[in-house]
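Next come the chains, spelled out residue by residue.
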Amino acid sequence: MKLTNAQIDQLYKFTRKHYVEHYDVQTELVDHLANDIEEIWVAQPHLSFEEARDKSFKKFGIFGFMDVVEAKQKQMNKRYRKIMWRFFKEWFTVPKIVITVTIFLSLFFVLKIPYSEFVLLGALFILIVFDLTKQSIARKKQKKKEVKKEKVFLLESMIGETRHGFTGITFVNLFNLVNLTRVSFSSLENHWLLLISFSATIILILFYVTAYLIPEKSEELLIETYPEYKLS
């Protein structure tokens, strides 16, 4: 006996009910459940769809789908890191290496200016406010998508979460660090300024890649990762 389209839809609802939010993970679980239910029916054809479904679900153990979700998240984390590394490496190839060196030298000479810490604090503050505003707009779009119950893929969610987290964790902490330590950068020796400039350049590139470049390329990356995304 084969499952009907209506029963397949019921399995998608069943996975959502059990806290599986992302469409690609739902699809993997639905495929597994559907195949298992059909095998159960071969041995026990008298069982109803719901009974066979619950029998299949029990095989996942007391934690239900959580182990599958966790394994899928680990797999997608690896893929996301590879994507991020791919874009990051481009900044050290021609012609972007010129931009990278320009950023590095600009930061170095700014740090040598008296009271440069206040310039940095001002720049960080503007950057944080600007990015949080962009994040707010992005969250509203995401909520509309959730309200409409549109398909949300795991990689799509990760792109958004990484984008939101970078400003909160990195730039806000940097702002607090500079503000609380009151370091006079202009009084530091050149080797310290070079190190700080290099670190700041890497952070800025990572910020641009995670917060702007990857989100801009998100549709292309989603199609590359999920062929079915074109049909969603």
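Residues numbered from 1 in each chain as written. Predicted model: local features only at pLDDT ≥ 70, side-chain atom pairs only at ≥ 80, totals over all residues. Heavy atoms only, no water.

**What to know about the overall build of the protein**
Note the threshold: Each helix is a run of DSSP H or I of at least 4 residues and each strand a run of E of at least 2, with the numbering of both proceeding from the N terminus. As defined in this context, the radius of gyration uses C-alpha atoms, and a globule is described by 2.2 Å times the residue total to the power 0.38. In this analysis, two residues are considered to be in contact whenever any of their non-hydrogen atoms come within 4.5 Å of each other. When charges are counted, Lys and Arg are positive and Asp and Glu negative, with His and the chain ends excluded. Just so you know, the charge point we use is NZ for Lys, CZ for Arg, CG for Asp and CD for Glu.
Tallying secondary structure elements over the protein gives nine helices and zero strands in all. In summary, the protein has a C-alpha radius of gyration of 24 Å against a globular reference of 17 Å for 232 residues, an excess of more than 25%. With the C-alpha coordinates aligned to their principal axes, the bounding extent of the protein is approximately 85 × 35 × 30 Å. In the protein, of all internal contacts separated by at least 6 residues, the share reaching a separation of at least 24 is 75%. Across the protein, the centroid of the 32 positively charged side chains sits 4 Å from that of the 26 negatively charged ones.

**Regarding the side chain of S116**
Put simply, the rule reads: A 3.5 Å cut-off defines polar contacts: any pair of N or O atoms within that distance qualifies, except that in protein one atom must be a possible hydrogen donor and the other a possible acceptor, and neighbouring residues in sequence count only when both atoms are side-chain atoms.
Tracing the sequence through the fold places S116 in helix 6 (residues 116–147). Of the polar contacts made by the side chain of S116, one reaches the backbone oxygen of L111; its length is 3.1 Å. Those residues in contact with S116, other than ones at most four positions away along the chain, are V110, L111, F185 and S186.

**Examining the packing of helix 2 (residues 23–43) against helix 4 (residues 66–89)**
Convention followed: Where helices are involved, their axes are fitted lines through C-alpha atoms of the stretch in contact, as for all axes, and angles between N-to-C directions lie from 0 to 180°. If an angle is under 35 degrees, it is roughly parallel; if it is over 145, roughly antiparallel; if it lies from 65 to 115, roughly perpendicular; otherwise it is oblique. Working rule for handedness: look at the near helix, and if it is turned counterclockwise from the far one by less than a right angle, call the crossing left-handed; if clockwise, right-handed. Put simply, Ala, Val, Leu, Ile, Met, Phe, Trp, Tyr, Cys and Pro go in the nonpolar bin, Asp, Glu, Lys and Arg in the charged bin, and everything else, Gly too, in the polar bin.
Where helix 2 meets helix 4, the axes come as close as 11 Å, and the angle between the chain directions of the two elements is 130 degrees. The angle between helix 2 and helix 4 places the two elements in the oblique class. Here helix 2 and helix 4 pass one another in a crossing that is right-handed. Judged by residue contacts, D24, V25, E28 and L29 of helix 2 engage V68, V69, K72 and M76 from helix 4. Of the residues assigned to the contact of helix 2 with helix 4, the class counts are five nonpolar, no polar and three charged.

**Observations concerning the nonpolar core**
Let me state the cut-off plainly: Definition of nonpolar core: a set of buried residues of the types Ala, Val, Leu, Ile, Met, Phe, Trp, Tyr and Cys, connected through side-chain atoms within 4.5 Å. The buried label applies to any residue whose accessible area, calculated with a 1.4 Å probe on protein chains only, is under 20% of its type's maximum; exposed applies above 50%, and partly exposed to all values in between.
If you look at the biggest cluster of nonpolar residues, it comprises 40 residues, and the most contacted ones within it are L11, F65, L155, I214 and Y226. Where this core is concerned, the elements lending two or more residues are helix 1 (5–17), helix 2, helix 3 (49–58), helix 4, helix 7 (154–181), helix 8 (190–216) and helix 9 (218–225). No other element matches helix 2, which puts nine residues into this core. When near neighbours in sequence (up to four residues on either side) are disregarded, I214 contacts Y80, I83, M84, F87, I159, V209 and L221.

**Comments concerning the side chain of S56**
Relative to the helices and strands, S56 resides in helix 3. Here S56 is in contact with L33, D36, I37 and I40, once residues within four sequence places are set aside.

**Re helix 9**
Cut-off, in case you're wondering: Throughout, the arc means the angular range of directions from the helix axis out to the C-beta atoms.
Residues of helix 9 that are buried include every one of L221, L222 and T225, and no others. End-on, the buried residues of helix 9 take up no more than an arc of 100 degrees, which puts them together on one face.

Distances and angles like these do not, on their own, reveal function.
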